[in-house]
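# Chains, contacts and geometry: an overview
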Amino acid sequence: MKVGVLALQGAFARHVQMLGDLGVSGTEVRTADELSDVDALVLPGGESTTMSMLLDSSGLRDEVADRISGGMPVLGTCAGMILLAAHVADGRPDQRSFAAIDIDVRRNGYGRQVDSFESDLDVTDLDEPFHGVFIRAPVVDRVGDGVEVLATVDGRPVLCSQGSVVVASFHPEMAGDGRIHGRFLDMAFDA
Ligand code: GLN
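Within any chain, residue numbers begin from 1 and follow the written order of that chain's sequence. It should be noted that, the model being predicted, local features are given only for residues of pLDDT at least 70 and side-chain atom pairs only at 80 or more, the latter also being counted only at that level, while totals for whole chains, interfaces and linings use all residues. The side-chain quantities take in all heavy atoms of the structure and omit both hydrogens and water.

Take a side-chain nitrogen of Lys or Arg and a carboxyl oxygen of Asp or Glu: if they are within 4 Å of each other, that pair is a salt bridge. On inspection of all chains with the given rule, the structure shows twelve salt bridges. The residue glutamate 47 makes a salt bridge to arginine 107 at a minimum N-O spacing of 2.8 Å. Of the two residues, glutamate 47 sits in the loop between strand 3 (40–43) and helix 3 (48–57) while arginine 107 sits in the loop between strand 6 (101–106) and strand 7 (116–121), which places them 60 residues apart along the sequence. Residue glutamate 47 is classed as buried on the basis of its relative accessible area of 17%. What makes arginine 107 buried here is its relative accessible area of 13%. Note that aspartate 177 and arginine 179 form a salt bridge whose closest N and O atoms lie 2.8 Å from each other. Owing to a relative accessible area of 17%, aspartate 177 belongs among the buried residues under this scheme. Strands here mean DSSP runs of E at least two residues long; helices mean DSSP runs of H or I at least four residues long; both are numbered from the N terminus. Burial classes follow relative accessibility: with a 1.4 Å probe on protein chains only, a residue under 20% of its type's maximum area counts as buried, one over 50% as exposed, and anything between as partly exposed.

Structure, rendered in structure tokens:
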């Protein structure tokens, strides 16, 4: 099984490393050819406005959309969550998302003063808390009926899934803890 990490911009390198640590082949994806070679895809953190532009200029936008509608498992973290959301508030007017999961997000929604923070998260089905690193993270303002909320901070969802889509508003690749990725891989390949 090969897992791609969208590598147009942002924090992709640590995802690749984390996947390798978990014993799967993680590979950087920048072209349609590279995308066609993977069975699942990670959309990393970074800057969703820039990633959205690069998805258009690279020609990858439609290819990624097609694969997602074809059922390819996808994990979106922080900016990646924004790119997968149904609706994005406080984005750039030309920013587009894949609407792969029925949630509404607000970019940088935790505000300037606390735009980075850390929090130990109680995650459904994990025995021990997961250390969540939040960096200018999006706030989830709405979740649809079909969405499962797997962790919250102050009552707000920060880890959600729907079908083969998993999104986190934090950076699970930065915690030195592979359990979120492991859970994604179990869902993607054991289902
Ligand atoms: N604030 C960024 C955005 O809007 C996301 C930050 C991140 O991915 N760490 O895209």
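A molecule or strand has a residue near it when one of that residue's heavy atoms lies within 4 Å. Looking at the ligand, the residues that line it are Gly45, Gly46, Glu47, Ser48, Cys78, Ala79, Ile82, Arg107, Asn108, Ile135, Arg136 and His171. Polar contacts, as used here, are pairs of N or O atoms within 3.5 Å; protein pairs need one atom able to donate a hydrogen and one able to accept it. Residues neighboring in sequence count only if both atoms are side-chain atoms. Contact between the ligand and glycine 46: an oxygen atom at 2.8 Å from a main-chain N or O atom of the residue. A distance of 3.0 Å separates a nitrogen atom of the ligand from a polar backbone atom of arginine 136. Exposure was quantified through the Shrake-Rupley algorithm and a 1.4 Å probe, taking into account, for residues, occlusion by the shown protein chains and nothing else. For the ligand, whose unbound accessible area comes to 300 Å², protein coverage reaches 97%. Residue type decides the class: Asp, Glu, Lys and Arg count as charged, Ala, Val, Leu, Ile, Met, Phe, Trp, Tyr, Cys and Pro as nonpolar, and the leftover types, Gly among them, as polar. Its residues assigned to classes, the shell around the ligand shows four nonpolar, five polar and three charged.

So, on to the pairing of strand 2 (residues 25–29). Taken together, the five bridges between strand 1 (residues 2–6) and strand 2 define a ladder with parallel strand orientation. Bridge assignment links glycine 4 to a residue of strand 2, and that residue is threonine 27. Regarding the hand of the β-α-β motif, the stretch spanning strand 1, helix 1 (residues 13–21) and strand 2 is right-handed. At least two bridges found by DSSP between two strands are what make those strands a pair. By convention, orient the strands away from the viewer: a clockwise path from the first strand over the helix to the second makes the crossover right-handed.

Attention now goes to helix 6 (residues 179–190). An ideal rise of 1.5 Å per residue puts 16 Å on twelve residues; helix 6 measures up with 15 Å between its terminal C-alpha atoms. Here helix 6 has its buried residues at Ile180, His181, Gly182, Phe184, Leu185 and Ala188. Expected helix span is taken as 1.5 Å per residue step, with the number of steps being one fewer than the number of residues.

Within the span of helix 1, buried status applies to His15, Val16, Met18 and Leu19. The buried side chains of helix 1 occupy one side of the element, clustering within an arc of 165° when seen end-on. The outward face of helix 1, more than 90 degrees from its buried face, is lined by the exposed residues Gln17 and Asp21. The contact definition used throughout considers only heavy atoms, calling two residues in contact when any of these lie within 4.5 Å. Elements in contact with the buried residues of helix 1: strand 1, strand 2, strand 3, strand 4 (74–77) and helix 6. Remark: glycine 23 follows helix 1 within two positions and exhibits a positive phi of approximately 85°. Summarising the geometry, the arc corresponds to the directions from the helix axis toward the C-beta atoms.

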